[in-house]
Amino acid sequence: MTDPAVAPPVPSAAPPARAVGAPMRGPAHLAWWSGGADPARQPIVELDVGPDDGDASLLSARVDGLRAEDPDRTIALVHPGAGGSAATTDNWRSRLGEVVMCLAGRADGFTGDTTPTSLARLRRWTADTLRRAAVPRSTAADVVLVVDELVSNVEEHAPGWMTVDLEFLDHGVLVVVSDPHPTRLPAPGQPPPERPAGRGMMIVAALSAQWGVILEGGTKAVWAELEWPPRVWSSS
């Protein structure tokens, strides 16, 4: 896919002051384009990312402001992951195009809801899809875990229907989970040790080369790219 034209980063208004929320590592890129079209055919406007964008509530307020200015804007956030190389994360614009194509129905994904029966079908579909694609067991296990965490996030915060897509790339697997609730941004928080929940997005960030969110009209898509095969770490 050809990378879209990219406008130079432009400053945007600071978000309104509000209470500090969950700390996290801020996005590497915050961008928007018009009309909900394929970003490969639209110029992407990349905004400056500042220290406040590492705070979940302030980042959410900033995104809400961008959407209020123009409801037709497609907003994209791209976060760095711990499981990728610089060569992978440099292609973030192409990944946005892949995610948008998934939302347009290009991929043969799974559509269901958050009921136990549907979630059981989703787990079988995920395992079968990875097996047919001959994904190595270690990578497949990571993909299954990422799918489970993203779907659990939908189940907890936006129950209802969702679509899960798996796109197989030259070097990895792209997981896209979308739902009709574009009002809440997922963020890797830092829950206290005694709290058993709240680590789902931390796991996603740890396993992925990069991950992100696209807000388009009435849809939110959370995606993660896992390198396939995984990186080989040298002990030297």
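Note that the structure is a prediction, hence the values are computed from the model and not measured.

Cut-offs applied
Residues numbered from 1 in each chain as written. Predicted model: local features only at pLDDT ≥ 70, side-chain atom pairs only at ≥ 80, totals over all residues. Heavy atoms only, no water. Phe/Tyr/Trp six-rings, centres within 6.5 Å; stacked < 30°, edge-to-face > 60°. Helix = DSSP H or I, 4+ residues; strand = E, 2+ residues; numbered from the N terminus. Buried < 20%, exposed > 50% of the residue type's maximum accessible area, 1.4 Å probe, protein only. Lys NZ or Arg CZ within 6 Å of the ring centre and 35° of its normal. Pairing = 2+ DSSP bridges. 1 Å grid on protein atoms, 1.4 Å probe; cavity = no way out; pocket = protein on both sides within 12 Å on 5 of 7 lines; lining within 4 Å. Points joined across faces, edges and corners; volume = space filled by probe spheres on them. Nonpolar A, V, L, I, M, F, W, Y, C, P; charged D, E, K, R; others polar. Salt bridge = Lys/Arg side-chain N within 4 Å of Asp/Glu carboxyl O. Axes fitted to C-alpha atoms, helices over the stretch in contact; angles between N-to-C directions. Parallel < 35°, antiparallel > 145°, perpendicular 65-115°, else oblique. Left-handed = near helix turned anticlockwise from the far one by under 90°. Contact = heavy atoms within 4.5 Å. Expected span 1.5 Å × (residues − 1).

What follows concerns the packing of aromatic side chains. Across all of its chains, the model carries 1 aromatic pair by this definition. Considering the side-chain rings of Phe110 and Trp125, the 6.0 Å spacing of their centres and the 40 degrees angle between planes classify their relative orientation as tilted. Of this pair, Phe110 sits in strand 5 (residues 110-112) while Trp125 sits in helix 4 (residues 116-132); the two residues are 15 residues apart in sequence, bridging distant segments of the chain. For the pair shown, Phe110 and Trp125 are each scored as buried. Its end group placed over the ring of Trp32, Arg73 keeps NZ or CZ at 4.0 Å from the ring centre.

Here we come to the pairing of strand 9 (residues 219-227). Along any regular strand, the residues point their side chains to alternate faces of the sheet. Summarising burial for strand 9: 8 of the 9 residues are buried, a large majority. Pairing geometry for strand 7 (residues 172-179) and strand 9, over 8 bridges, is antiparallel. Pairing of Asp179 across the sheet is with Lys220, part of strand 9. Examined bridge by bridge, strand 8 (residues 210-216) and strand 9 share 7 bridges and lie antiparallel to one another. Following the sheet pairing, Gly212 is matched in strand 9 by Trp223.

This brings us to empty space enclosed by the protein. Gaps left between atoms are located by rolling a probe of water-molecule size over the structure's atoms. For the structure on display, the rule yields 1 cavity of 30 Å³ or more. Residue lining of the largest cavity: Leu150, Asn153, Val154, His157, Ala158, Val177, Asp179, Arg184, Pro186, Lys220 and Val222, and that is the complete set. If you tally residues by element for the lining of the largest cavity, the top one is helix 5 (residues 137-157), at 4 residues. Classifying every residue of the lining of the largest cavity gives 6 nonpolar, 2 polar and 3 charged.

This paragraph deals with the pattern of salt bridges. By the definition in use, this model includes 6 salt bridges. Asp53 is the salt-bridge partner of Arg62, the closest N and O atoms lying 2.6 Å from each other. Residues Arg62 and Asp53 agree in their burial class; the two are buried. We note a salt bridge from Asp148 to Arg123, for which the minimum N-O separation is 3.3 Å. Taken together, the residues span a long stretch of sequence, with Asp148 in helix 5 and Arg123 in helix 4 at a distance of 25 residues.

In this section: the pairing of strand 3 (residues 44-47). The alternating pattern of strand 3 places Ile44 and Glu46 on one face and Val45 and Leu47 on the opposite face, and all of these are buried. The pairing of strand 2 (residues 29-33) with strand 3 spans 3 bridges and is antiparallel. Considered in strand 3, the bridge of Ala31 is made with Glu46.

Moving on, we come to the packing of helix 4 against helix 5. The contact between helix 4 and helix 5 brings their axes to 10 Å, and the two run at 155 degrees. Considering their axes alone, helix 4 and helix 5 lie roughly antiparallel with respect to each other. For the element pair helix 4 and helix 5, the recorded crossing hand is right-handed. On the side of helix 4, the interface is formed by Leu119, Leu122, Arg123, Thr126 and Leu130, while helix 5 contributes Ala140, Val143, Val144, Val147, Asp148, Val151 and Glu155. When the residues that make up the contact of helix 4 with helix 5 are grouped by side-chain class, the tally is 8 nonpolar, 1 polar and 3 charged.

Residue pairs spaced three or four apart in an α-helix point in one direction, given the helix's 3.6 residues per turn. Taking 1.5 Å per residue as the helical rise, helix 3 (residues 92-103) with its 12 residues ought to reach 16 Å, and the 17 Å between its terminal C-alpha atoms agrees with that figure. Along helix 3, 9 of the 12 residues are buried, which leaves the element largely enclosed by surrounding structure. Looking at helix 3, one finds that the buried residues are Trp92, Ser94, Arg95, Leu96, Gly97, Glu98, Val99, Val100 and Cys102.

Counting through the fold element by element, Ala224 comes out in strand 9. Under the relative-accessibility criterion, Ala224 is labelled buried at 0%. Along the backbone, Ala224 and Ala205 are 19 residues apart, and their C-alpha atoms lie at a distance of 8.1 Å. The residues contacting Ala224, other than those within four sequence positions of it, are Val146, Val173, Leu174, Val175, Val204, Ser208, Gln210 and Trp211.

On to the packing of helix 5 against helix 6 (residues 200-207), then. If you want to describe how two helices pack, look at the angle between their axes and the distance between the axes. Between helix 5 and helix 6, whose axes approach to 9 Å, the crossing angle comes to 150 degrees. In this view, helix 5 runs roughly antiparallel relative to helix 6, as classed from their interaxial angle. The element helix 5 and its partner helix 6 pack so that their crossing is left-handed. Facing helix 5, whose interface residues are Asp142, Leu145, Val146, Glu149, Leu150 and Asn153, helix 6 presents Gly200, Met201, Ile203, Val204 and Leu207. In the contact of helix 5 with helix 6, the residues fall into 7 nonpolar, 2 polar and 2 charged.

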